[in-house]
Amino acid sequence: MVVCRQLGLGFAAEARPSSRYNYTEGELQLMNLTCSGRELLLDECKGGQWMPGSKSTCDSGIAFLTCTCRLPDLIPNFMTVYESLSGVVHSPLQLVRLYRLQCAFEEKCLASTAATYFQAGKSWAQARNEDSRILLRFSVNVLNFGNADFKPFAPRGDWLWHSCHNHFHSFENFAQYDILDRQGREVAEGHKASFCLEDVNCVGGGSKRYSCRLHNQGISVNCYDSYAYDIDCQWIDITDVPHGNYTLIVSINPEKRRAEMDMTNNQVICDFEYRADSIFILTGKLHHVNCRLSG
């Protein structure tokens, strides 16, 4: 990203291994550099070691960079997550009988401890009245503020059918949800959510082009995709999380499989308190919720 910016060539679209171009060796100029992606010049990055004249080989981890002037830029709406967690629109905490979560269980949307119920030889019929899970539900809106559409990296033939949502998901691990304690340790099993990418609504002159029903998936410029709290698997299973103070991190495009203008604005970070009185049979709430956008 910084290389393309310094050269005046826009944004980094792709990095390809040197072997693709039959590259064997050349002269190294700079190595071991750490950049955040916001720097204007390589000189602003951390570390780095100038090595003019040093020889490099294909084993040195060298890549060729492709620059472009047009890229998407996904930004999650932190207010949407805040309103979910603070109970403005709905109750964020829900106590759900395990038998109602069979589809979610099959798609691995629950913590692994849910499987211990069946390892004891019990059936789904028995689960009707015996076991429950505590779910932290929240909505996620993702807006494309770039100058190019955000499209799936996988070809249409590789999209996966999700029976819970009754449509194909074109982007596995489009979003990742994690809960950390104040020491930065993960306390709930992180959930990697796959999405069916579509234009739910648009702003600033954007127009809808993509739809899950039409099997034409993506997020257009100035349009946003939305996954509401009441959709299956739009949660984190916190059944095993003790009461205390935590941080929820919602990461979009976490594996950076698709290039964007800016990768530092892809997270919503929310601090909250989970008390003993937070969960009830029909409704629940969190305390002291504070959300912000990364970057």
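Presented here is an overview of the structure given in this document. Being a predicted model, the structure only gives us computed values, none of them experimental.

## Some words on unusual backbone geometry
Here's step 1: Positive phi, close to 50 degrees, is recorded for Asn253, a residue that is not glycine.
Here's step 2: Take Asn253: it is sitting in the loop between strand 16 (244-252) and strand 17 (267-274).
Here's step 3: Assessed through its relative accessible area of 2%, Asn253 is described here as buried.
Here's step 4: Unusually for a residue other than glycine, His288 sits at a positive phi of about 55 degrees.
Here's step 5: By the secondary structure assignment, His288 is in strand 18 (residues 287-293).

## Brief notes about helix 2 (residues 78-85)
Here's step 1: All buried positions along helix 2 are accounted for by Thr80, Val81, Ser84 and Leu85. The arc enclosing the buried residues of helix 2, seen along the axis, measures out at 125 degrees, which places them on a common side.
Here's step 2: Contacts from the buried residues of helix 2 go to strand 7 (132-137), strand 8 (140-144), strand 16, strand 17 and strand 18.
Here's step 3: One side-chain oxygen at the N-terminal end of helix 2 lies 2.9 Å from the backbone nitrogen of Met79; it belongs to Asn77.
Here's step 4: In the stretch just after helix 2, Gly87 is the one whose phi turns positive, near 80 degrees.

## Some details on the layout of surface pockets
Here's step 1: In this structure, the second largest pocket spans a volume of roughly 270 Å³.
Here's step 2: Around the second largest pocket, the lining is made up of 19 residues, and of these Glu107, Lys108, Cys109, His191 and Lys192 lie nearest the centre.
Here's step 3: If you tally residues by element for the lining of the second largest pocket, the top one is strand 12 (residues 186-195), at six residues.
Here's step 4: When the residues that make up the lining of the second largest pocket are grouped by side-chain class, the tally is six nonpolar, seven polar and six charged.

## So, the state of the cysteines
What is meant by a disulfide is a covalent connection between two cysteines, made through their sulfur atoms.
Here's step 1: Tallying each qualifying case throughout the model produces four disulfides.
Here's step 2: The disulfide partner of Cys4 is Cys67, and the S-S distance across this bridge is 2.0 Å. Sign of the S-S torsion, about -80 degrees for the bond between Cys4 and Cys67, identifies this disulfide as left-handed. Of the two residues, Cys4 is situated in helix 1 (residues 2-6) and Cys67 in strand 4 (residues 63-68); the sequence distance between them amounts to 63 residues.
Here's step 3: Exposure remark for Cys4: the relative accessible area of 0% places this residue in the buried category.
Here's step 4: Classification of Cys67 as partly exposed rests on a relative accessible area of 27%.

## Quick look at a nonpolar patch on the surface
Here's step 1: Taken together, the side chains of Val3, Leu7, Leu9 and Leu65 define a hydrophobic patch exposed on the protein surface, amounting to about 340 Å² of accessible area.
Here's step 2: Mapped onto the elements, Val3 comes out in helix 1.
Here's step 3: You can call Val3 partly exposed: its relative accessible area is 36%.

## Quick word on the nonpolar core
Here's step 1: Formed by 37 residues in total, the largest nonpolar core has its most connected members in Leu85, Phe174 and Leu248.
Here's step 2: Those elements that place two or more of their residues in this core are helix 2, strand 7, strand 8, strand 11 (171-181), strand 12, strand 16, strand 17 and strand 18.
Here's step 3: A per-element tally of this core places strand 11 first, with five residues.
Here's step 4: For Phe174, the residues in contact, after removing those within four places along its chain, are Leu74, Val142, Phe150, Ala193, Ser194, Phe195, Leu197, Ile219, Ser251, Ile252, Asn253 and Pro254.
Here's step 5: Judged by nonpolar contacts, the second largest core, of 13 residues, contains Leu101, Cys109, Leu110 and Tyr117.

Definitions and limits used
Residues numbered from 1 in each chain as written. Predicted model: local features only at pLDDT ≥ 70, side-chain atom pairs only at ≥ 80, totals over all residues. Heavy atoms only, no water. Helix = DSSP H or I, 4+ residues; strand = E, 2+ residues; numbered from the N terminus. Buried < 20%, exposed > 50% of the residue type's maximum accessible area, 1.4 Å probe, protein only. Arc of directions from axis to C-beta. Contact = heavy atoms within 4.5 Å. Polar contact = N/O pair within 3.5 Å; in protein donor to acceptor, adjacent residues only side chain to side chain. 1 Å grid on protein atoms, 1.4 Å probe; cavity = no way out; pocket = protein on both sides within 12 Å on 5 of 7 lines; lining within 4 Å. Points joined across faces, edges and corners; volume = space filled by probe spheres on them. Nonpolar A, V, L, I, M, F, W, Y, C, P; charged D, E, K, R; others polar. Disulfide = S-S within 2.5 Å. Patch = residues over 30% accessible without salt bridge, like charges linked within 9 Å, V, L, I, M, F, W, Y side chains within 5 Å. Areas by Shrake-Rupley, 256 points an atom, 1.4 Å probe, with all protein chains shown as cover. Salt bridge = Lys/Arg side-chain N within 4 Å of Asp/Glu carboxyl O. Core = buried A, V, L, I, M, F, W, Y, C linked by side-chain atoms within 4.5 Å.

Interpretation note: all reported values are geometric properties and have no functional meaning in isolation.
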